[in-house]
Amino acid sequence: MNTDRVACLNTGKLGIQGVFRNNRGDGVLGFMRGLPNTDSVRAELQALWLGLKIAIDQGLSPIVIDTNSETVLEMLKNGNLTHNPIISGCRYMIEQLGNPAIGHSYREQNQVADLLAKEGARKEAFDKTQILAVPPVFANKVV
């Protein structure tokens, strides 16, 4: 599972997304969502939280988790007073998923996730998660 967030500079909106791949690297499931009024760290945490919830709800286990946010990795390890409620929720779901490996991936390795997050930031209907069974047409060039 790869998660990401992106800020749309011309609108000030944020988008979050996640991509689930099988062991061959094929896209299995994706999601995207637009977020109003939040900061980038909270958006990264919300992307992780939502991806973990979807993994549990869809029975996508075992998984490996990748994020391009070193800040999120640090917070999962050490906590953060401002974001502890969502961090605790993420830790709980990670435990439910059998404590999968969590690692850092660079944005260049996560191009589909980045495109989905940008699309999520463009959406007018915020706080509505779109689940994608196949990569959307705009993401096919990097799949």
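The rules behind the values
- Residues numbered from 1 in each chain as written.
- Predicted model: local features only at pLDDT ≥ 70, side-chain atom pairs only at ≥ 80, totals over all residues.
- Heavy atoms only, no water.
- Helix = DSSP H or I, 4+ residues; strand = E, 2+ residues; numbered from the N terminus.
- Contact = heavy atoms within 4.5 Å.
- Expected span 1.5 Å × (residues − 1).
- Buried < 20%, exposed > 50% of the residue type's maximum accessible area, 1.4 Å probe, protein only.
- Polar contact = N/O pair within 3.5 Å; in protein donor to acceptor, adjacent residues only side chain to side chain.
- Core = buried A, V, L, I, M, F, W, Y, C linked by side-chain atoms within 4.5 Å.
- pLDDT = per-residue confidence, 0-100.
- Phe/Tyr/Trp six-rings, centres within 6.5 Å; stacked < 30°, edge-to-face > 60°.

J.: For this particular structure, what's the right way to read the overall build of the protein?
T.: When you go through the protein residue by residue, the secondary structure sums to four helices and six strands. Taken from the N to the C terminus, the helices and strands of the protein come in the order β-β-β-α-β-α-α-β-α-β. Put simply, of all contacts in the protein between residues at least 6 apart along the chain, 68% involve residues at least 24 apart.

J.: Help me out: how do you make sense of helix 1 (residues 40-58) in this one?
T.: One full turn of an α-helix is made of 3.6 residues, so residues set three or four places apart face in the same direction. With 19 residues, helix 1 extends 27 Å from end C-alpha to end C-alpha; this agrees with the ideal 27 Å at 1.5 Å per step. Within the sequence span of helix 1, burial applies to Ala-43, Glu-44, Leu-45, Ala-47, Leu-48, Leu-50, Gly-51, Leu-52, Ile-54 and Ala-55. Of the residues that open helix 1, the one with a side-chain oxygen 3.0 Å from the backbone nitrogen of Val-41 is Asp-39. Gly-59 sits one or two positions beyond helix 1 and adopts a positive phi of about 70 degrees.

J.: Got a minute to help me understand unusual backbone geometry in this structure?
T.: Apart from glycine, the bulk of residues carry a negative phi angle, and the bulk of peptide bonds sit in the trans form. The residue after Ser-61, namely Pro-62, is reached through a cis peptide bond having omega 5 degrees. Note that Pro-62 resides in the loop between helix 1 and strand 4 (65-67). Unlike most non-glycine residues, Asn-99 shows phi in positive territory, near 55 degrees. Mapped onto the secondary structure, Asn-99 falls in the loop between helix 3 (84-96) and strand 5 (102-104).

J.: Honestly, the nonpolar core in this entry has me stumped. Any pointers?
T.: Nonpolar side chains tend to gather and get buried jointly when the protein is soluble and globular. With 27 residues, the main nonpolar core has Phe-20, Leu-48, Leu-52, Ile-65 and Leu-76 as its most contacted residues. Residue assignment for this core shows that the elements contributing at least two residues are strand 2 (13-21), strand 3 (27-35), helix 1, helix 2 (70-78) and helix 3. The leading source of residues in this core is helix 1, at eight residues. Not counting chain neighbours up to four residues away, the residues in contact with Leu-48 comprise Met-1, Thr-3, Ile-65, Val-72, Leu-76 and Cys-90.

J.: I would appreciate a short explanation of the confidence of the model for the protein in the present structure.
T.: Predicted coordinates in regions of low pLDDT should not be interpreted in detail. Per-residue pLDDT for the protein averages 81, and the proportion of residues at 70 or more is 74%. Taken element by element, the predicted model of the protein shows its lowest mean pLDDT in helix 4 (residues 111-122) (59) and its highest in helix 3 (97).

J.: I keep staring at the packing of aromatic side chains and nothing clicks. Help me out?
T.: The relation between two aromatic rings is expressed through the spacing of the ring centres and the mutual angle of the planes. Tallied over the full model, the rule gives one aromatic pair. Their ring planes at 45 degrees and their centres at 6.5 Å tell us that Phe-20 and Phe-31 sit as a pair that is tilted. Taken together, the residues Phe-20 in strand 2 and Phe-31 in strand 3 connect sequence positions eleven residues apart. When sorted by exposure, Phe-20 lands in the same class as Phe-31, which is buried.

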